[in-house]
Each structure stands twice: as C-alpha cells, then as structure tokens.
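Chains, contacts and geometry: an overview
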Amino acid sequence: MPPPTKPNPNSFRYLIFKTNVSIETFFRTLVSARRSEQYHRDEGIYTRDDDISSNASRKPTPSFQSAFAAAREAFYKPVSSTMYIAGPAMQPGLNRGHSRNHESMERLVVRSIPFPTPVNVLVGDVVAFYNPLARRDEHNIMIRRIAAAEGQEMEVGGGSGGGAGGETGSSSSPGGGFKGGSGPFGLGRIQPKSPVGLPPFGGKHSPFAAEESEGSVVKIPEGHCWVLADNPDLGPPDVIDSRTFGYVPYRNVVGRVVYAAASTADHGPVQNNPESMNLDEPIIEGEIDVEKLFVDEEEEEEEEEEEEEKGNDGKEEKERKEEKEEKEEKEGKEKDEKK
C-alpha cells in the first residue's frame, strides 16, 4: 500500500472498520454495565420501577444508554495516537537516523487496542506497552516487537543473543523475517520452538531462575507474551526487553505501531505481522496525515519555546525586583548611618 498523502475518513474500508469498532464497543460496554448493576434476576432490560410482566413498560435502561453513548463516541473518535521513539533499540526498522545523529527521534502512529489478547496482538507485531519494571503511566511506555505468544514453547539458546530473536535469524527460523528486522516474524500466532538466547542474569535474578539451563524449553504462560528489540547488534544490558524483565502481560499492551515518520519525505507503514498489517490498512487510509504530524510537532516546539521565553522573562523580572529591593535596602542603611 502506498504511503498516504492525506487521510480519507470517508473511505468505505475505514467506515466499515469504525462501524465494527463501534459495534464491539457497544456490546462490551453493555455486558460490563449489566454485570455491575443490580437489576432484576431476569434479562435485566427493565429499570427497577418497571412492571416486568408488562411489555408496554419497556424502555431503554441506563446500561443500554451508556453502551449506545460509548459506541457513538468510539465511531467518531480516532483509534490512533502519536508518540516518539528514540535510541537504536528498534533499528534498522525504526529511528534509522540514530546512526547519524544520536539525538534523532522518529514520530510513530499507534493504533489503540483497548482489549489486547493473542487474537488481536500477534507474533511479529511492534507494540507499545507499559514497562513492567516501572509505574504504569504514559512516561513509561516502551516499543518492542512480540517474538512469542502465550502457549508457545521456546528453547533456551547458548548465546547472549542480539536484538530481535537473540541468536535467531531469518535463516534459522521457518517463515523468515520482515525486511528491516530479524527473528521469527510473520509466522502467525504460534511458531515452533526457536532459540531466544540465555537470560542476561543468572541465579535468583534471572527471569527463568529454575529454567535457565541451555537447551531447556520455556513455555509462555497464559495471558503473557515475549517482546524483543529489533537491533541484532544490541543485547542486555545495552537494551531492555523480555530478556531483562521476563514475560509481559497482554494487559500492558497499549497498542500496535502502524506507521513511522522520520520526515515528510521519509515515512511509511511499520512492518508487523501480515495479518495485522491487513487489519490496520483502513486506519492508515482514514486517519494518518503525515504533513499534520509535523505541523503538530512544530506547534509543540513553538509552545515549548514560548514557555521557555516566559520562564526567562519571569526570571529576569524577578532578578530586577531583587536588585531594586537590595538597592533600596542599601540606600536606607546609608540614610540611617548619616543620621
């Protein structure tokens, strides 16, 4: 799919996608609301004051109304948001400019996944997730690629491993790898056993203290996944991923990275699992405006500069005020001495 120039929110595929999101939101909200409310033992489609035996008294309940409101909001609200990536951990696919400039950052578009599961977050996907070692907030979100899903068995390899896939490369993994990365990507939800490299720390500090012998098989527990950096030249402690903090709960996943833009001339879709890329095409078509990404960035920089200038002006004014007070105090002392 060619990189978009302008979003087309009225495209048929995007409207179908938003309709599906809206329907899913409606039913999830409805089920959740009905579970939390204490309605009648029957189906719970009546208010407390209704006569359950009378069909004439039927009317929308609070749970239905809240579900409808949530569905309407989901239809009109974009499912994507933006963030930055810095550092070399996800090279060569992301932030390639870091090789030339260590202060380089790349703008990412992240598709929100409110209910992450192995069904909608697949092996090979580049995901944004809360760092399991830090407080769960927007300042502690990491970008890594999912290398293994729940139920998958991995064989512990003998080397420290590089980035994505550790010792694994596209030549040793069935299915090969995506361009710009290495490791067992593009294999669907489950793949055969593959080496991932020994954990970086031994003994009780290892994520697999009881299973760290070479050749042993590690099975990803239910509700968790295994994430790795893409850069094959980096390993712990130079890069932090599942070789450091172990399994990542699916509930920590914020969304899937669908698009990356280094500049208005250098941008394109992120290489994820082919199934995920197919599902994300309507979002790229309907929501991504590359020019606006960088207009927003310029506006943010201008706002930061304005705030900095205001801070400097305030500092200068404070200094002038302090100098004036010191001068008045000094003059007052001289007058007292003369008296």
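Everything that follows concerns the structure shown earlier in this document.
Residues numbered from 1 in each chain as written. Predicted model: local features only at pLDDT ≥ 70, side-chain atom pairs only at ≥ 80, totals over all residues. Heavy atoms only, no water.

Moving on: the pairing of strand β4 (residues 141-148). Taken across its 8 residues, β4 has 7 buried, putting it largely inside the fold. Here β4 pairs with strand β7 (residues 224-228) via 3 bridges, running antiparallel. Bridge pairing links I146 to V227 in β7. (Buried < 20%, exposed > 50% of the residue type's maximum accessible area, 1.4 Å probe, protein only. Helix = DSSP H or I, 4+ residues; strand = E, 2+ residues; numbered from the N terminus. Pairing = 2+ DSSP bridges.)

In this structure, Q91 sits in the loop between β1 (80-86) and β2 (105-112). Those residues within four positions of Q91 in sequence are excluded, and the remaining contacts are R96, H98, S99, D230, N231 and P232. (Contact = heavy atoms within 4.5 Å.)

Looking along the chain, the bond that leaves Q91 and enters P92 is cis, with omega of 5 degrees. Across the junction of P236 and P237, the peptide omega takes the value 5 degrees, indicating a cis bond.

Checked against the element boundaries, T29 lands in helix α1 (residues 12-36). Expressed as a C-alpha distance, the spacing of T29 and S66, which sit 37 residues apart in the sequence, is 7.3 Å. If we ignore the near neighbours within four places in the chain, the residues touching T29 are S66, A67 and A70.

A few words now on the packing of α1 against helix α4 (residues 274-287). The geometry of α1 relative to α4 is characterised by a closest axis approach of 8 Å and an angle of 115 degrees between their N-to-C directions. Here α1 runs over α4; the crossing is left-handed. Contacts from R13, Y14, F17 and K18 in α1 reach E281, P282, I283, E285, G286 and E287 in α4. Tallied by class, residues from the contact of α1 with α4 come to 4 nonpolar, 1 polar and 5 charged. (Axes fitted to C-alpha atoms, helices over the stretch in contact; angles between N-to-C directions. Left-handed = near helix turned anticlockwise from the far one by under 90°. Nonpolar A, V, L, I, M, F, W, Y, C, P; charged D, E, K, R; others polar.)

As a further point, take the pattern of salt bridges. Oppositely charged side chains can pair when the atoms bearing their charge come close. Per the counting criterion, the structure on display carries 8 salt bridges. One salt bridge in this structure joins R111 and D280, with 2.6 Å as the shortest N-O distance. Placement of R111 in strand β2 and of D280 in helix α4 is noted, with a sequence separation of 169 residues between them. Owing to a relative accessible area of 14%, R111 belongs among the buried residues under this scheme. One connected set of salt bridges, linked through shared partners, spans R111, D125, R256 and D280. (Salt bridge = Lys/Arg side-chain N within 4 Å of Asp/Glu carboxyl O.)

By themselves, these are just geometric observations and shouldn't be taken as functional.
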